[in-house]
Amino acid sequence: MSAAVPSNPAPRSGLNAQLGTYLGLAVVLLGMVALFSSLSEYFFTTDTFVAIVNEIPALAVMAVGMTFVLIIAGIDLSVGSVLALSAALSAMAVLQWGWTTPAAALLGLAAGALCGLVLGSVSVAWRLPSFIVSLGMLEVVRGAAYLVTGSRTQYVGERISGLAAPLVGGVSVAFLLAVVLVVVGQLVLTRTVFGRSVVGIGTNEEAMRLAGVDPRPVRIVVFTLTGLLAGLAGLMQAARMEAADPNAGQGMELRVIAAVVIGGTSLMGGRGSVVNTFIGVLIIAVLEAGLAQVGASEPSKRIITGCVIVVAVIVDTLRQRRAGKG
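Basis of the calculations
Here the residue numbering is sequential within each chain, running from 1 through the sequence in written order. With pLDDT at 70 or above as the cut-off, local features in this predicted model cover only qualifying residues; side-chain atom pairs require 80 or more to be listed or tallied, and sums for whole chains, interfaces and linings still use all residues. Hydrogens and water molecules were not included; the side-chain quantities draw on all heavy atoms of the structure. Note on geometry: axes are lines fitted to C-alpha atoms, helical ones only across the stretch in contact, with angles between N-to-C directions running from 0 to 180 degrees. Helix numbering and strand numbering both begin at the N terminus, where a helix is a DSSP run of H or I of at least 4 residues and a strand a DSSP run of E of at least 2. Throughout, the term roughly parallel applies to angles under 35 degrees, roughly antiparallel to angles over 145, roughly perpendicular to angles from 65 to 115, and oblique to all others. We call a crossing left-handed when the near helix sits turned anticlockwise from the far one by less than a right angle, and right-handed when that turn is clockwise. Should any heavy atoms of two residues lie within 4.5 Å, those residues are counted as being in contact. Between the first and last residue of a helix there are one fewer steps than residues, each counted as 1.5 Å, and that sum is the expected span. Residue burial is assigned from relative accessible area. The probe radius is 1.4 Å, only protein chains are included, and a residue is buried under 20% of its type maximum, exposed over 50%, and partly exposed in between. For the purposes of these results, a polar contact is taken to be a pair of N or O atoms within 3.5 Å, where, inside protein, one atom must be able to donate a hydrogen and its partner to accept one; residues adjacent in sequence count only when each atom of the pair is a side-chain atom. Patch construction takes residues with relative accessible area above 30% that form no salt bridge. Like charges are linked within 9 Å, and nonpolar side chains (Val, Leu, Ile, Met, Phe, Trp, Tyr) are linked within 5 Å. Accessible areas in this description were obtained via Shrake-Rupley with a 1.4 Å probe; residue shielding takes into account the shown protein chains only. Salt bridge, as applied in this entry: a Lys or Arg side-chain nitrogen positioned within 4 Å of an Asp or Glu carboxyl oxygen. Aromatic pairing here means that ring centres of Phe, Tyr or Trp (its six-membered ring) are within 6.5 Å. Orientation follows from the plane angle: under 30 degrees is stacked, over 60 is edge-to-face, and everything else is tilted. The pLDDT value expresses, per residue, how confident the predictor is, ranging between 0 and 100.

### A few points about the packing of helix 5 (residues 101–125) against helix 10 (residues 215–241)
And step 1. Running from N to C, helix 5 and helix 10 cross one another at 150°; their axes reach a closest spacing of 7 Å. Relative to helix 10, helix 5 is oriented roughly antiparallel. When the axes of helix 5 and helix 10 are compared, the crossing they make is right-handed. In this structure, helix 5 contributes Ala105, Gly108, Leu109, Gly112, Ala113, Gly116, Leu117, Leu119, Gly120, Ser121 and Val124 to the contact, and helix 10 contributes Arg216, Arg219, Ile220, Phe223, Thr224, Gly227, Leu228, Gly231, Leu232 and Leu235.

Right under this line is the structure:
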């Protein structure tokens, strides 16, 4: 008598959990839109939503990279400074060095990738926590941005504004590019060997090593890609402002991490979704825009945003404990 093959409920339960997360985030986002629409007659308008989507590309692009970093149980606090340096180098290449705009853009992207490569390599080679290395990199790169620009905002004008150019309905090229990168990031994470390696390293690095996968190059590639995306975010920000400010991106790393955590990516590693991160970015953007329209003061906005981050971390912790018991 042959034994019956037991069905495996894990894929179905995993899919249900993923759909539950999508639904939960969507409910939160729609609830916030409804709340601010009731508090301000000017919120639920086309102009407001167009303004929101055109302000988030830099945040969204950096959040894609940060999702991969958190999944491998790392962290990168330097992305805001890398954004500033990338924009600064591109602006100076156009203004002072006579470079064409495409060449200057490539320089900015290369600078971002190099920062990520250095961060990842130092962290891996010396087995140092990425938190500490990226904290040092934050200061080094910010100082470099000041040196490159002479500590002054560099106004470039329309020569670098291509990414901010409006297309259908006033939505910018940068936003559409950010959406494409979100889709690509999700596919890489869920449909490629590299993506599975990233999740495996975050879940159990030693098990991946015993399975024959060297975590070191994967970690370096993740940080390099995050630096590259931060460089792209710098170009997007400079295009929107038509200028490069050495102070740009200060504190932005916290907003990026907040969006990723709100999207359900675990701070402990091993779990995350780029699509969920994008919804987290939208939640942060709607929250900030809504608070501004209802007249909340800057200190109040920071307090409320901070509370949202803490609640997201608490929810993630409870989810981890429940999964552990299950």
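### So, unusual backbone geometry
Glycine aside, the phi torsion of most residues is negative, and most peptide linkages are trans.
And step 1. Despite not being glycine, Ala73 has its phi angle at roughly 65°, a positive value.
And step 2. Tracing the backbone through its elements, the reader meets Ala73 in the loop between helix 3 (57–71) and helix 4 (79–95).
And step 3. A positive phi angle, close to 60°, is found at Ser151, a residue other than glycine.
And step 4. Relative to the helices and strands, Ser151 is located in the loop between helix 6 (130–149) and strand 1 (154–155).

### Considerations on the packing of helix 3 against helix 12 (residues 274–293)
When two helices pack together, their arrangement is given by the angle between the helix axes and by the axis-to-axis distance.
And step 1. Helix 12 packs onto helix 3 with a crossing angle of 140° between their chain directions and a minimal axis gap of 9 Å. The orientation of helix 3 relative to helix 12 falls into the category oblique. Crossing hand, helix 3 versus helix 12: right-handed. Along the contact surface, helix 3 presents Leu59, Ala60, Ala63, Val64, Thr67 and Phe68, while helix 12 presents Val274, Thr277, Phe278, Val281 and Ile284.

### What about helix 12?
And step 1. Over its 20 residues, helix 12 extends 29 Å from the first C-alpha to the last, a length consistent with the 28 Å expected when each residue adds 1.5 Å.
And step 2. Within helix 12, 16 of the 20 residues are buried, leaving the element largely enclosed by the surrounding structure.
And step 3. The backbone nitrogen of Val275 lies 3.4 Å from a side-chain oxygen of the residue at the head of helix 12, namely Ser273.
And step 4. Just downstream of helix 12 lies Gly295, where phi reads positive at about 85°.

### Brief notes about the environment of Gly98
And step 1. Position of Gly98 relative to the elements: it lies in the loop between helix 4 and helix 5.
And step 2. The class of Gly98 is exposed, set by a relative accessible area of 63%.
And step 3. Counting along the chain gives 175 residues from Gly98 to Ser273, while the straight-line C-alpha distance between them is 41 Å.

### Considering a nonpolar patch on the surface
And step 1. On the surface, Leu35, Leu39 and Val294 cluster together into a nonpolar patch covering about 260 Å² of accessible area.
And step 2. When you line up the elements, Leu39 lands in helix 1 (residues 10–39).

### Topic: the pattern of salt bridges
And step 1. Scanning the model with the defined rule gives 6 salt bridges in all.
And step 2. A salt bridge links Arg209 to Glu205, with the shortest nitrogen-to-oxygen separation between them at 3.1 Å. On the criterion of helical spacing, the pair formed by Arg209 and Glu205 is a turn pair, its members being 4 residues apart in helix 9 (residues 205–210).
And step 3. Here Arg209 falls in the partly exposed class, since its relative accessible area comes to 40%.
And step 4. Across the pair Arg219 and Glu205 runs a salt bridge, and its minimum N-O distance is 2.9 Å.

### So, the packing of aromatic side chains
And step 1. Applying the stated criterion across every chain yields a total of 5 aromatic pairs.
And step 2. Note on Phe36 and Phe43: the rings are 5.8 Å apart at their centroids and 45° apart in plane angle, and the pair reads as tilted.
And step 3. Of the residues examined, Phe36 reaches a relative accessible area of 5% and is grouped as buried.
And step 4. The class of Phe43 is buried, set by a relative accessible area of 0%.
And step 5. Relative to Phe49, the ring of Phe43 has its centre 5.9 Å away and its plane inclined at 85°; by these criteria the two rings are edge-to-face.
And step 6. Following the ring pairs from residue to residue traces out a cluster consisting of Phe36, Phe43, Phe44 and Phe49.

### Comments concerning the confidence of the model for the chain
And step 1. Averaged over the chain, the pLDDT score is 91; the fraction of residues at 70 or greater is 94%.
And step 2. Counting interchain partners and residues more than four positions distant, the pLDDT-below-50 stretch residues 1–10 has 0 contacts.

### Section: the side chain of Ser266
And step 1. For Ser266, the location among the structural elements is in the loop between helix 11 (252–262) and helix 12.
And step 2. By relative accessible area, Ser266 is classed as buried at 0%.
And step 3. For Ser266, the side chain forms a polar contact with the main-chain nitrogen of Met268, separated by 3.1 Å.

### Here we look at the environment of Ala103
And step 1. Secondary-structure assignment places Ala103 in helix 5.
And step 2. The exposure class assigned to Ala103 is partly exposed, which follows from its relative accessible area of 27%.
And step 3. Sequence separation between Ala103 and Arg219 is 116 residues, and the spatial gap between their C-alpha atoms is 28 Å.

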